[in-house]
Amino acid sequence: MTTSSLTGKSGIGPVCWLLYYLVGLVVLLALLAISIHAHLLWPSIALAIALLWLCVSLYGRVGRLLYAYRETERENERLHALQVEAERQLLYLRQLTENVDTALFVCSTDGRIDWMNQAAKEALQTLPRPLPEGRGMDSSAAENAIGKSIYSPPYKGGAGGGSGRLGSSLPPHILQAIADHAEVVDGCALSTVMLRIDGRRRLVVAMKDVSALMQRQEMEAWQQLIRVLTHEIMNSLTPIISISETLKASPSWERMEGAEAFAVINRRCHALLDFVESYRQLTRIKTPERTTFPVGELFEHITGLYPQVKTQGEGHLTADRAQLEQVLINLIKNAYESGATSVELSVLQLPLQGGAVGGSSIRVQDNGSGMSPNVLANAFIPFFTTKPAGTGIGLSLCRQIILKHGGTIRVESEEGRGTTFIIRL
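These numbers come from a predicted model, not from an experiment.

**Observations regarding the overall build of the protein**
So, step 1. Looking only at helices and strands, one finds 12 helices and 12 strands in the protein.
So, step 2. A buried classification covers 34% of the 425 residues belonging to the protein.
So, step 3. For the protein, the exposed surface amounts to about 25500 Å²; the carbon and sulfur share of it is 59%.

Here's what the structure looks like:
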């Protein structure tokens, strides 16, 4: 039932029509009463027919009006149900976007943030520093990638990578990565899509931390390589050691020509066997047996070995305490070997929305000699070491233990300014 069928071509409302009908009825009734009183037969008949037609017309129009009212009520109920469903879906999507571990940003074409979820706010606090000056974005590439003048506003995020507030901008190196159509930046998978929202172009940026996955795959590749190498080396060393041991046990060993050379071979084979065995540790780490224990107990064990270490933090940790202590002792030992005079061990409980604890962050900070950029880039690679007598498995072992806990470990360092290891469980 359309509105025009109820109101007529002139657009008069149903209330006005009802008034017109009522006035007509009153007039016809009055005229009919006069005609009957005056004994006018034909006028009375005509007025009676007109009155009947008017009543039928009024009944039809009222019926249509009631039908339209019922249709309107049903339409209102349907729209209300759609509204309730839309609000439910909106609430679901809002909870979903706020609780996923993928950082989501909605930005204008100049990189200014209009909306971001909780993971994005945390990501802005942990992103590395922006690119140094002079490494700006190519404007044509930026325009082709995500719109005109993307790099025009200044970066408002600060040195730490972002303020975590609406109205701030994405870090310049993220904008550069978007313009270059990069798929990975800062250990995060990067995905972008351009949408039109409220008549304006908006860039939706999704960043998923895949650094732990990349580290795990890298470590698995190193483990496989170590297994193959140690297997082949030990297969070659075992018969040599066996032959030299047999010769050494013979009664004529002392009078045998070349006995001293065989002794040297035997010693070096045993040393090489011990060396290979140390690398096999990387492939023999047990699955962590997690328990929950107070942070204070961990500090007591560490300071029992290194009383000079400064500790800070409270609460509880959930981990394999023996393996975690092994990691921290290794890091502290490396700190003192690098010339550090001060080492600080701190534990921070990481909150989530609603006040729940979202994990723990452990920091080992020293004032040692620090690392050069080349050393920093290769710090966790097996076999890499700067120590004359080092094996290059210490930090690799630490990273594998943390990865088996489902956590991450990273390092920040600068030559002459010390080193900081950050573990997140």
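**Considering the pattern of salt bridges**
So, step 1. All told, the structure shown has 7 salt bridges when counted by the stated rule.
So, step 2. A salt bridge links R78 to E75; the nearest nitrogen and oxygen atoms lie 2.6 Å apart. Taken together, the residues span about one helical turn, with R78 and E75 both in helix α3 (residues 41-99) at a distance of 3 residues.
So, step 3. The partner of R202 in a salt bridge is D114, with the nearest N and O atoms 2.6 Å apart. Here D114 lies in strand β2 (residues 113-116) and R202 lies in strand β5 (residues 200-209), a separation of 88 residues in the sequence.

**Points about the sheet that holds strand β3 (residues 184-185)**
So, step 1. In spatial order, the strands read β2-β1-β5-β4-β3; together these 5 strands make up an open sheet with antiparallel pairing. One side of each edge strand has no neighbouring strand; the edge strands of this open sheet are β2 and β3.
So, step 2. Here strand β1 (residues 103-107) runs beside β2; their pairing, made up of 3 bridges, is antiparallel. Looking at the pairing, C107 lines up with I113 of β2.

**Examining the pairing of strand β4 (residues 188-197)**
So, step 1. Alignment of β3 against β4, held across 2 bridges, turns out to be antiparallel. Considered in β4, the bridge of V185 is made with C188.
So, step 2. Summarising the sheet, β4 and β5 pair through 10 bridges and their orientation is antiparallel. Paired with I197 across the bridge in β5 is R200.
So, step 3. Where β4 folds back onto β5 in an antiparallel hairpin, the turn is made up of 2 residues, including D198, whose phi is positive at roughly 55 degrees.

**Here we look at helix α9 (residues 295-305)**
So, step 1. Of all the positions in α9, only V295, L298, F299 and I302 are classed as buried. Along the axis of α9, the buried positions cluster into a sector of 100 degrees, meaning they face one direction only. For α9, exposure combined with an orientation more than 90 degrees from the buried face picks out E300 and G304.

**Observations regarding the environment of I422**
So, step 1. Along the polypeptide, I422 turns up in strand β12 (residues 419-424).
So, step 2. On the basis of relative accessible area, I422 is assigned to the buried category, the value being 7%.
So, step 3. In this structure the C-alpha to C-alpha distance between I422 and I362, which are 60 residues apart in sequence, comes to 5.8 Å.
So, step 4. Once you skip the residues sitting within four places of it in the chain, I422 turns out to touch S361, I362, R363, T408, I409, R410 and E412.

**So, the confidence of the model for the protein**
So, step 1. Here the protein averages 76 in pLDDT, and 77% of its residues register 70 or above.
So, step 2. Scored below 50 in pLDDT, residues 1-10 makes 16 contacts in the model with residues more than four places away or belonging to other chains.
So, step 3. In the model, residues 129-163 has pLDDT below 50 throughout and makes 73 contacts with residues more than four positions away in sequence or in other chains.

**Notes on the packing of α9 against helix α10 (residues 321-337)**
So, step 1. Direction vectors running N to C along α9 and α10 enclose 40 degrees, while the axes themselves pass 11 Å from each other. Here α9 lies oblique to α10, going by the angle between them. Like other packed secondary-structure pairs, α9 and α10 cross with a definite hand, here right-handed. Each of E297, L298, H301, I302 and L305 in α9 lies in contact with α10, whose residues at this interface are R321, L324, E325, L328, I329 and I332.
So, step 2. In the contact of α9 with α10, the residues fall into 7 nonpolar, 1 polar and 3 charged.

**Observations regarding α10**
So, step 1. If you check α10, its first and last C-alpha atoms are 24 Å apart, about what 17 residues at 1.5 Å a residue would give, namely 24 Å.
So, step 2. Taken residue by residue, α10 has Q323, L324, E325, V327, L328, N330, L331, I332, N334 and A335 as its buried positions.
So, step 3. Backbone nitrogen of A322 and a side-chain oxygen of the N-cap are separated by 3.2 Å at the start of α10; the cap is D320.
So, step 4. Once α10 finishes, G339 follows within two positions and takes phi at roughly 95 degrees, a positive value.

**Some details on a nonpolar patch on the surface**
So, step 1. A surface patch of nonpolar side chains, about 650 Å² in accessible area, is lined by V15, L18, L19, Y20, L22, V62 and L66.
So, step 2. Elements that contribute at least two residues to the nonpolar patch include exactly α2 (14-37) and α3.
So, step 3. Structurally, L22 is set in helix α2.
So, step 4. Given the relative accessible area of 42%, L22 is considered partly exposed.

**Points about the packing of aromatic side chains**
So, step 1. As enumerated under the stated definition, the model contains 2 aromatic pairs in all.
So, step 2. For the ring pair Y306 and Y336, a centre distance of 5.8 Å and an interplane angle of 20 degrees mean the geometry is stacked. Pair noted here: Y306 is in the loop between α9 and β7 (310-312) and Y336 is in helix α10, with a separation of 30 residues, a long-range link.
So, step 3. Ring centres 6.3 Å apart and planes at 85 degrees place the aromatic pair F380 and F421 in the edge-to-face group. Here the residue F380 occupies a position in the loop between α11 (373-377) and α12 (394-404), and F421 occupies one in strand β12, the gap between them amounting to 41 residues. The pair formed by F380 and F421 is uniform in burial state, with each residue classed as buried.
So, step 4. Geometry around F293 places R321 over its ring, the cationic atom sitting 5.4 Å from the centre.

Conventions we followed
- Residues numbered from 1 in each chain as written.
- Predicted model: local features only at pLDDT ≥ 70, side-chain atom pairs only at ≥ 80, totals over all residues.
- Heavy atoms only, no water.
- Helix = DSSP H or I, 4+ residues; strand = E, 2+ residues; numbered from the N terminus.
- Buried < 20%, exposed > 50% of the residue type's maximum accessible area, 1.4 Å probe, protein only.
- Areas by Shrake-Rupley, 256 points an atom, 1.4 Å probe, with all protein chains shown as cover.
- Salt bridge = Lys/Arg side-chain N within 4 Å of Asp/Glu carboxyl O.
- Pairing = 2+ DSSP bridges.
- Arc of directions from axis to C-beta.
- Contact = heavy atoms within 4.5 Å.
- pLDDT = per-residue confidence, 0-100.
- Axes fitted to C-alpha atoms, helices over the stretch in contact; angles between N-to-C directions.
- Parallel < 35°, antiparallel > 145°, perpendicular 65-115°, else oblique.
- Left-handed = near helix turned anticlockwise from the far one by under 90°.
- Nonpolar A, V, L, I, M, F, W, Y, C, P; charged D, E, K, R; others polar.
- Expected span 1.5 Å × (residues − 1).
- Polar contact = N/O pair within 3.5 Å; in protein donor to acceptor, adjacent residues only side chain to side chain.
- Patch = residues over 30% accessible without salt bridge, like charges linked within 9 Å, V, L, I, M, F, W, Y side chains within 5 Å.
- Phe/Tyr/Trp six-rings, centres within 6.5 Å; stacked < 30°, edge-to-face > 60°.
- Lys NZ or Arg CZ within 6 Å of the ring centre and 35° of its normal.

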